[in-house]
Each structure stands twice: as C-alpha cells, then as structure tokens.
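# Examining the three-dimensional arrangement
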Amino acid sequence: TEATRDPSTHRRMTPGTFPHEIGLLLLRYQSGKKITGSRRVKMRNHWTTPPPLIRQGLLGTYNIGQERFASPLNFNPDIPEYWSAFERDKLFGAHHDAFSSRMNGCGYMNPEYEEADLE
C-alpha cells in the first residue's frame, strides 16, 4: 500500500512479513480486544453491512469518497478511502481513527452499534 511505501510510516511501524502482519491483523480484531478507553471490538457488529443491492444503489447514487468505522477485513474496495480503529491498519491502506479528521464530501459510516459511538 501507499502507507508501506511512505518512509516515515515504514520506520515508525516497522512492518513484518505479509503473513506476520495478517496474523497480527486477525489478533487485533478478536471480539473483546481493547480499542481505546472502554471501547472494545465486537465482531458480531463488524460484519453488519447493507445488502448488496442497497450498497450498489448508494454507491451509484452518491459520490461516496470515504468510509468510516471500517477495517482491512470489511472495508468496501469501491470507496477510495477508509478509516479503522487501529493505527497499525495503516499498513493495509487505512486511515486511523474515524474521529480524528473532519469528514468532507459524501461518506459512508457503519459504526459499532454502541452508545458512545453513536453520540
């Protein structure tokens, strides 16, 4: 990805081999894994996405340029940029932390269905 070609990201994260990074990715997204503060990964919510026809309709109707609350395991490859909960996901092309930057343009969000995330 672009992130792994960026010298500063590469130095800061010191990526391992691809199989090693896939293993770490799977460990990060285990249910119950701490994200930040009191937030934890909830895999039962992680795979909840609209049915294909609705997703295709949204993408065909709106110029969606970013997806928030995604991961390397479930982001939509038809949307140019995505944000995930873990900084190390930058190695897979993600931006870190959906709350860290202002949304501009049209975006798609599928947050965990937790009170703190929906406020």
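Before going into details, it helps to say that this report is about the structure given with it. (Residues numbered from 1 in each chain as written. Predicted model: local features only at pLDDT ≥ 70, side-chain atom pairs only at ≥ 80, totals over all residues. Heavy atoms only, no water.)

Here the focus is the nonpolar core. Counting residues in hydrophobic clusters, the biggest one holds 11 residues: Met13, Leu25, Tyr29, Ile35, Val41, Ala70, Tyr82, Phe86, Leu91, Phe92 and Ala94. Leaving out residues up to four positions away in the same chain, Met13 has contacts with Glu87, Arg88, Lys90 and Leu91. (Core = buried A, V, L, I, M, F, W, Y, C linked by side-chain atoms within 4.5 Å. Buried < 20%, exposed > 50% of the residue type's maximum accessible area, 1.4 Å probe, protein only. Contact = heavy atoms within 4.5 Å.)

Moving on, we get to the pattern of salt bridges. Under the definition given, this model contains 4 salt bridges. Note that Glu87 is salt-bridged to Arg12, the shortest N-O span being 3.5 Å. Taken as a pair, Glu87 in the loop between strand E2 (81–84) and strand E3 (95–96) and Arg12 in helix H2 (residues 7–13) lie far apart in primary sequence, 75 residues in all. In this structure Glu87 comes out as partly exposed when scored by relative accessible area, which is 35%. Asp89 is the salt-bridge partner of Arg28, the closest N and O atoms lying 2.8 Å from each other. Placement of the pair is Arg28 in helix H3 (residues 18–28) and Asp89 in the loop between E2 and E3, with a sequence separation of 61 residues. This pair shows no difference in class: Arg28 is buried, exactly as Asp89 is. Here the residues in one salt-bridge network are Arg12, Glu87 and Lys90, joined through shared partners. (Salt bridge = Lys/Arg side-chain N within 4 Å of Asp/Glu carboxyl O. Helix = DSSP H or I, 4+ residues; strand = E, 2+ residues; numbered from the N terminus.)

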